[in-house]
Amino acid sequence: MNESKVHFIYCCLLAFGFMLTGCTSDSEQPKPNTGVNSENKKPKVALIMKSLANDFFSSMAEGAKAHQQKNDATYELVVNGIKDERDLSRQVALVEEMVANGVDAIVIAPADSKALVPALRRAREAGVVVINIDNKLDSEILKAEKISIPFVGPDNQAGAKKVGTFLASKLKAGDEVVVLEGIRTSFNGTQRRLGFEAAMKEAGVKIVDSQSAQWEMSMANTLVLSMLSEHPNVKAILAANDSMALGALAAVKNNGKIGEVAVVGFDNIAAVQQAIRDGQILATADQHGGELAVFGIEHALRLIKDPDAKIEDHETPVDLVTAEVLK
């Protein structure tokens, strides 16, 4: 056989080899990572929170770090957060960065119930376990994206109703109040507003204004100054988180209405606990922020260990906090 024929046969065989490679079935393609890698390293869990400027998320981060230190042989932890509650693009980027860094699980308190779902779907498709804490993802968007992500967190509506009912016990039917809502595309913000509204309706108390301060203290302060000017007979302010409650308190002080206008919040951060002890804020709700991330991390570790386990929500406690409780 001459050299030219040998070269021709070699080229044919090489081309045939490429054809075989290109026809590999999907079942033979590399599978995404679904847990601890083949070297049996510790699983890596990423905690992605909302604003780290908020004391609630600071306590959540500290609780998670303390849990990891006690379980150092069990898993690694990466803690992330965004500059403020509205920085959605950065939170989406954090999800993508954590997937690229090869984490085994993401435990996330989403800044928005809808906008984060596509990024989390991509994380799931990459084999990452995803656990939703604090702010529940929108069920319709999850359905549209064809994924199921377990929610680990409290019943925000029930918690807000507890706070609202306690406030109502200090008011009388016909009294006027205002509501400071969270970000309106956030499930927990909506649920807290509904809880406040239900409590006021049952007590016959009138909500004369309800606006979003987007979870922010300074915005709450500005809004409340305007609300008190427009509605001088307001007897109370219901804030959907403690940062907004502190902003509302500053506005009440500025108007010289301490003792005349009650303020309630939600989250039980340290500054509000002190304000409750001082008689300046009436009540808040404790959703145990220091433990909430831990509940999510533990759920993630269970799913990493058993990828076939049933995916289901886990409700965590939420309690009313008053001066009596803090004694």
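The numbering scheme is per chain: residues are counted from 1 as the chain's sequence reads. Selection of residues for local features in this predicted model requires a pLDDT of at least 70, selection of side-chain atom pairs for listing and counting requires 80 or more, and totals for whole chains, interfaces and linings are taken over all residues. Remark: hydrogens and water are excluded; side-chain values derive from all non-hydrogen atoms of the structure.

Novice: Before we move on, could you go through the pairing of strand S7 (residues 206-212) and cite the residues and values that matter?
Specialist: Pairing between strand S6 (residues 176-181) and S7: six bridges, direction parallel. Within S7, the residue paired with Val-177 across the bridge is Ile-207. We call two strands paired when DSSP finds no fewer than two bridges between them. Working definition: helices are DSSP H or I runs of at least four residues, strands are E runs of at least two. Numbering for both runs from the N terminus.

Novice: How would you explain the pattern of salt bridges if you had to name every residue and give the values?
Specialist: Pairing between side chains of opposite charge can happen when the charged atoms of each approach one another. Within this document, salt bridges are pairs made up of a side-chain nitrogen of Lys or Arg and a carboxyl oxygen of Asp or Glu, the two lying within 4 Å of each other. For the structure shown, the criterion picks out 16 salt bridges. Each of the salt bridges in this network shares a partner with another, and the network as a whole consists of Glu-181, Arg-184, Arg-193 and Glu-197.

Novice: Break down helix H6 (residues 156-168) for me, with residues and values.
Specialist: A helix is expected to span 1.5 Å multiplied by its residue count minus one. Here H6 is 13 residues long and its end C-alpha atoms lie 18 Å apart, about the 18 Å a rise of 1.5 Å per residue gives. Under the scheme applied here, a residue whose accessible area is under 20% of the maximum for its type counts as buried, over 50% as exposed, and between as partly exposed, the area being computed with a 1.4 Å probe on protein chains only. By the burial criterion, the buried members of H6 are Asn-156, Gly-159, Ala-160, Val-163, Gly-164, Leu-167 and Ala-168. Only heavy atoms matter for contacts: two residues are in contact if any of them lie within 4.5 Å across the pair. Looking at the buried residues of H6, the elements they touch are helix H7 (187-203), strand S8 (234-239), strand S9 (262-264), strand S10 (283-286) and strand S12 (319-322). Here H6 starts with a cap whose side-chain oxygen sits 3.2 Å from the backbone nitrogen of Gln-157, and that cap is Asp-155. Under the rule applied, a polar contact is a pair of N or O atoms within 3.5 Å (in protein, one hydrogen donor and one hydrogen acceptor; residues adjacent in sequence only if both atoms are side-chain atoms).

Novice: Can you explain H7? Please cite residues and give values.
Specialist: In this model H7 runs 25 Å from its N-terminal to its C-terminal C-alpha over 17 residues, within 8% of the 24 Å that 1.5 Å per residue would give. Those residues of H7 not exposed but buried are Asn-188, Gly-189, Gln-191, Arg-192, Gly-195, Phe-196, Ala-199 and Met-200. Lining the buried residues of H7 we find strand S1 (44-51), H6, S6, S7 and S8. Gly-204, located one to two residues past H7, shows a positive phi value of around 75°.

Novice: I'd like a rundown of the packing of helix H8 (residues 217-230) against helix H9 (residues 242-254), residues and numbers included.
Specialist: It is at 7 Å that the axes of H8 and H9 come closest, and there the two elements cross at 40°. Here H9 runs oblique to H8, going by the angle between their axes. Considering the relative orientation of H8 and H9, their crossing is right-handed. Residues Met-217, Ala-220, Asn-221, Val-224, Leu-225 and Leu-228 of H8 lie in contact with H9, whose contacting residues are Ser-243, Met-244, Leu-246, Gly-247, Ala-248, Ala-250, Ala-251, Val-252 and Asn-254. Charged means Asp, Glu, Lys or Arg here, nonpolar means Ala, Val, Leu, Ile, Met, Phe, Trp, Tyr, Cys or Pro, and polar covers whatever is left, Gly included. Counted by class, the contact of H8 with H9 contains eleven nonpolar, four polar and no charged residues. Every axis in this analysis is a line fitted to C-alpha atoms, fitted for helices over the stretch in contact. Angles between the N-to-C directions lie between 0 and 180 degrees. Angle categories: roughly parallel below 35 degrees, roughly antiparallel above 145, roughly perpendicular from 65 to 115, and oblique for all the rest. When the near helix sits turned anticlockwise from the far one by under a right angle, the crossing is termed left-handed; a clockwise turn instead gives a right-handed crossing.

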